[in-house]
Amino acid sequence: MNVEIKSVNRKTLSKQVLDEIIDLLLSGQLKSGDRLPSELELMEMFDVSRSVIREALTSLESMGIVNRKTRNGTFFSDKIGSKPFSMMLALSAGNLPSIIETRLSLELGFVTLAAEKITDKELEQLKQTIDAMSSATSDYTEIDKEFHKIIAHSASNPLLEGVITPLLNLYDRTLEQIPNRHRDSKATIQQHIDIYEALKKRDPIQSSTAMYRHLDYVRKKVLMNIKDM
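What comes next concerns the included structure. In this text, all values refer to a predicted model and were calculated from it rather than measured experimentally.

Core analysis: the biggest nonpolar cluster contains 26 residues, and F110, L126, I151, I195 and L199 have the highest contact counts within it. When contributions to this core are tallied by element, the ones reaching two or more residues are α5 (96–117), α6 (120–135), α7 (141–154), α8 (158–169), α10 (185–200) and α11 (204–228). With five residues, α5 is the largest single contributor of residues to this core. When near neighbours in sequence (up to four residues on either side) are disregarded, L126 contacts I118, F147, I150, I151, Y196 and L199. Among the nonpolar cores identified, the runner-up in size contains 19 residues, and L13, M43, V48 and V52 belong to it.

Rendered as structure tokens:
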């Protein structure tokens, strides 16, 4: 395999090897799904020990950038994973306002694209989640999360799909900041209906406006409670 590798210094070898392997993707020498050179080949290319190579590959695997398959070798992931974004969110777990703003920014993009790409089947799935929320006799958080997940996936963008799951996993943490006495299920369900109706019209501006009203409503409830704490 003819690939160009820069020489590395002895200092922080595994980190440098990791960066150089990622650069194979960024430079276009290899692409997603391609097989990396074997450990022995990488050892020769970088002039480092097997332990350094394995440490770098382990780090890349933990980030979801490569997949190591027994007997078949190591491959660049062929689909954007959620692990790097999960790590970023984990480091910001204590900064709830930033997490809410991140969700607001990303979901406005999701719903705008969804208005152009959403299928009739996905619209029906959204309608079913709204019906389920309306008939729920207890907490409907998981149904609510499913509603937002459908919208994100209907945007049909593999880069965005890698961030939606960890983002929505923090949804429970957001709701925990809103006391039951401050929640209004009727208003929340109506906001979801407004989003659905805008998507049904395939109107990106109306869809974005409806999503903003919903998420801003949640944001104000959460920040109000933080302020009172």
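Alright, that's what it looks like, and here's the rest.
Glancing now at the pattern of salt bridges. The final tally for this structure, using the stated rule, is eleven salt bridges. Among the salt bridges present, the one from K31 reaches D34, with a minimum N-O distance of 3.6 Å. Measuring nitrogen to oxygen at the nearest pair gives 2.8 Å for the salt bridge that ties R50 to E39. On the criterion of sequence distance, the pair formed by R50 in helix α3 (residues 50–62) and E39 in helix α2 (residues 39–46) is long-range, its members being eleven residues apart. Salt bridges here are not isolated pairs; linked through shared partners, they connect E39, R50 and R54.

On to the pairing of strand β2 (residues 73–76), then. Taking every second residue as pointing to the same face, both faces of β2 are buried, with G73 and F75 on one and T74 and F76 on the other. In this structure, strand β1 (residues 66–69) lies alongside β2, joined through four bridges in antiparallel fashion. Across the sheet, residue N67 finds its bridge partner in β2, namely F75. Between β1 and β2, which follow one another and run antiparallel, lie three residues, and R71 among them has a positive phi close to 75°.

A separate point is unusual backbone geometry. Residues other than glycine seldom take positive phi values, yet D47 does so here, at roughly 60°. With respect to the secondary-structure elements, D47 resides in the loop between α2 and α3.

The residue H148 is located in helix α7 in this model. Given the relative accessible area of 0%, H148 is considered buried. What H148 contacts, discounting residues up to four positions off in sequence, is R103, E107, L168, H192, M211, H214 and L215.

A word on the packing of α5 against α7. Orientation of α5 relative to α7, taken along the N-to-C sense of each, is 60°, at an axis distance of 7 Å. Put simply, α5 runs oblique to α7. As α5 runs across α7, the sense of the crossing is left-handed. On the side of α5, the interface is formed by R103, E107, F110, V111, A114 and K117, while α7 contributes H148, I151, A152 and S154.

Our next topic: the packing of aromatic side chains. Overall, the coordinates contain zero aromatic pairs when judged by the stated rule. The cationic tip of K69 hangs over the ring face of F75; the distance from NZ or CZ to the ring centre is 4.8 Å.

About the criteria used
- Residues numbered from 1 in each chain as written.
- Predicted model: local features only at pLDDT ≥ 70, side-chain atom pairs only at ≥ 80, totals over all residues.
- Heavy atoms only, no water.
- Core = buried A, V, L, I, M, F, W, Y, C linked by side-chain atoms within 4.5 Å.
- Buried < 20%, exposed > 50% of the residue type's maximum accessible area, 1.4 Å probe, protein only.
- Helix = DSSP H or I, 4+ residues; strand = E, 2+ residues; numbered from the N terminus.
- Contact = heavy atoms within 4.5 Å.
- Salt bridge = Lys/Arg side-chain N within 4 Å of Asp/Glu carboxyl O.
- Pairing = 2+ DSSP bridges.
- Axes fitted to C-alpha atoms, helices over the stretch in contact; angles between N-to-C directions.
- Parallel < 35°, antiparallel > 145°, perpendicular 65-115°, else oblique.
- Left-handed = near helix turned anticlockwise from the far one by under 90°.
- Phe/Tyr/Trp six-rings, centres within 6.5 Å; stacked < 30°, edge-to-face > 60°.
- Lys NZ or Arg CZ within 6 Å of the ring centre and 35° of its normal.

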